[in-house]
Amino acid sequence: MQRILFVCLGNICRSPAAEAVFAARARDAGLRVATDSAGTSGWHVGEPPYGPMIAAAARRGYDLSALRARQVSADDFAAFDLVLAMDRSNLADLAALRPAASSAELALFLGQGEVPDPWYSRDFDAALDLIEEGADRVLARLGATGA
Ligand code: 4NP
């Protein structure tokens, strides 16, 4: 079973949404995966996702309310097979944290593009549009490799 970790800066907007959207779509597709999310910062550790993101996700049928923020650690590169960053800044922070011997794959969630931070843009629906697109992309990739 693939273990996938979604990572953003605060772990209260983009990565918890990505975790929930991906888990729902994987379930619908009959794909067994283990999912979690974390932040590169420890700013919001222990907090639920940000209220406006919980609300925007709920309007699309995703329940983020039980999730709690945590900070990513070097150990996550052993606990997960695939670590997906929401933007290039997250990707650079993760690359610096990743143990040299880790065989975990580290990549941008969207492949090339970034999920802009809605904490600053306030556009939670635009973030969710990209996250739904990204979740389908990752799902297609995993399906294609038979993972
Ligand atoms: P996230 O959004 O990385 O998508 O969870 C942010 C949440 C909080 C902050 C920055 C980004 N902050 O500066 O506290």
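As a reminder, the structure under discussion sits directly above these lines.
Reference entry: report on the structure contained in this document. (Residues numbered from 1 in each chain as written. Predicted model: local features only at pLDDT ≥ 70, side-chain atom pairs only at ≥ 80, totals over all residues. Heavy atoms only, no water.)

Lining the immediate surroundings of the ligand are Cys8, Leu9, Gly10, Asn11, Ile12, Cys13, Arg14, Trp43, His44, Asp117, Trp119 and Tyr120. Contact between the ligand and isoleucine 12: an oxygen atom at 3.0 Å from a main-chain N or O atom of the residue. Broken down by class, the residue content of the shell around the ligand amounts to 7 nonpolar, 3 polar and 2 charged. (Near = heavy atom within 4 Å. Polar contact = N/O pair within 3.5 Å; in protein donor to acceptor, adjacent residues only side chain to side chain. Nonpolar A, V, L, I, M, F, W, Y, C, P; charged D, E, K, R; others polar.)

Turning our attention to the pattern of salt bridges. A full pass over the atoms with the stated rule returns 13 salt bridges. Its salt-bridge partner being arginine 70, residue aspartate 36 comes within 3.0 Å of it at the nearest N-O pair. Residue aspartate 36 is found in strand 2 (residues 33-39), and its partner arginine 70 is found in the loop between helix 2 (51-59) and helix 3 (76-79); the two are separated by 34 residues along the sequence. The salt bridge partner of arginine 60 is glutamate 132, with a shortest N-O separation of 2.9 Å. You can see arginine 60 sitting in the loop between helix 2 and helix 3 and its partner glutamate 132 sitting in helix 6 (residues 124-145), a full 72 residues away along the chain. Exposure remark for arginine 60: the relative accessible area of 26% places this residue in the partly exposed category. Salt bridges sharing common partners tie together Arg25, Arg59, Arg60, Asp125, Asp129, Glu132 and Asp136. (Salt bridge = Lys/Arg side-chain N within 4 Å of Asp/Glu carboxyl O. Helix = DSSP H or I, 4+ residues; strand = E, 2+ residues; numbered from the N terminus. Buried < 20%, exposed > 50% of the residue type's maximum accessible area, 1.4 Å probe, protein only.)

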